[in-house]
Amino acid sequence: MMEPELVEDFFGVYLLYNINPKYKGRTYIGYTRDPNRRIMQHNRGTWAGGALRTSNRGPWKMVMIVHGFPNNISALRFEWAWQNPTKTTRLQHLSLKRVPRKETEFHFQLRVVSEMLRVGPWCRLPLTIRWLEKDFYEEFPPEREPPTHMKICHGPVKSKNLKKPKKTFHATHTECLICSGYITRPDSKLSCLNPHCDLISHITCLAQLFLEPSEFVPIQGQCPFCGTVLKWGELIRKMRGCGQGTLSQEDDNGSNDDDEVLSQDRAFVDNNSIWLQDCDEL
């Protein structure tokens, strides 16, 4: 069996498929920070933390998960829009409706997510589309392929989540090598992914170098010092402590209650100003 890939700072939105003969073909879309714990909850029922819609209707399989969102708010908005493609304003121009007798519920959900990944703001996020069950894998049609900066992969995943940052910050006197000003907050300092490169800069300074005209969130760019092509999402993950031994041990005991955060408020998804605040974090 393939070893699961460890992903830090995990925020994901998943697609379940029902293999119970009585309910076979039904699907469910949800949000999680721990996919392995979440699928067990769905199959055990509401008493174990599963959703009411999936309780006593299993077994379910988690066949796909989209992860790489910057925070739970961003992931929850994606979840709501995937669940309600006819209600979110971001997809209304497509009039997405299931074709009776010609399209299964599963294939309709795949069509919806393929369209979502190609519209803003999701098309600019450093997302990963992961197929967890190879028997359910479907290639995206050429006209609905995700943006090239998004990764499509296969196999199991294990989440490890970061410790919550402390509220207090100590003043620093690190110099930004782009603007020559001082970087006073650790949550605004970026460094190159190349370990041999000396680049240190304000997050805003590097973003301005990477941004194309009319863009609000960078996707990638070239390091001004060593020339390495840097993906913006990977820079942010490094800034947050991914891969630097700052993982939370609480998640090993399943104490993360973040899966239970839900919102069915349309304005929660379609509020442009809130989206831009989230995008600024990238």
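Described below are features of the structure shown in this document. (Residues numbered from 1 in each chain as written. Predicted model: local features only at pLDDT ≥ 70, side-chain atom pairs only at ≥ 80, totals over all residues. Heavy atoms only, no water.)

1. Focus: the overall build of the protein chain
Tallying secondary structure elements over the protein chain gives seven helices and 13 strands in all. For the protein chain, with 282 residues in total, the buried portion stands at 48%. Counting contacts in the protein chain only where the partners sit at least 6 residues apart, residues at least 24 apart contribute 66% of the total. Surface accessibility of the protein chain: about 15200 Å² in total, with carbon and sulfur atoms responsible for 51%. (Helix = DSSP H or I, 4+ residues; strand = E, 2+ residues; numbered from the N terminus. Buried < 20%, exposed > 50% of the residue type's maximum accessible area, 1.4 Å probe, protein only. Contact = heavy atoms within 4.5 Å. Areas by Shrake-Rupley, 256 points an atom, 1.4 Å probe, with all protein chains shown as cover.)

2. Some details on unusual backbone geometry
Residue Pro121 follows Gly120 across a cis peptide bond; omega there is 0 degrees. Residue placement: Pro121 occurs in the loop between helix 3 (105–116) and strand 5 (128–131). With phi around 55 degrees, Asp9 is a residue other than glycine that occupies positive phi space. Tracing the backbone through its elements, the reader meets Asp9 in the loop between strand 1 (5–8) and strand 2 (12–18).

3. Remarks on the packing of helix 2 (residues 72–83) against helix 3
Running from N to C, helix 2 and helix 3 point in directions that differ by 130 degrees, and their axes come no closer than 10 Å. Put simply, helix 2 runs oblique to helix 3. For helix 2 against helix 3, the interelement crossing comes out right-handed. Contact residues: helix 2 offers Phe78, Ala81 and Trp82, while helix 3 offers Gln109, Val112, Val113 and Met116. Its residues assigned to classes, the contact of helix 2 with helix 3 comprises six nonpolar, one polar and no charged. (Axes fitted to C-alpha atoms, helices over the stretch in contact; angles between N-to-C directions. Parallel < 35°, antiparallel > 145°, perpendicular 65-115°, else oblique. Left-handed = near helix turned anticlockwise from the far one by under 90°. Nonpolar A, V, L, I, M, F, W, Y, C, P; charged D, E, K, R; others polar.)

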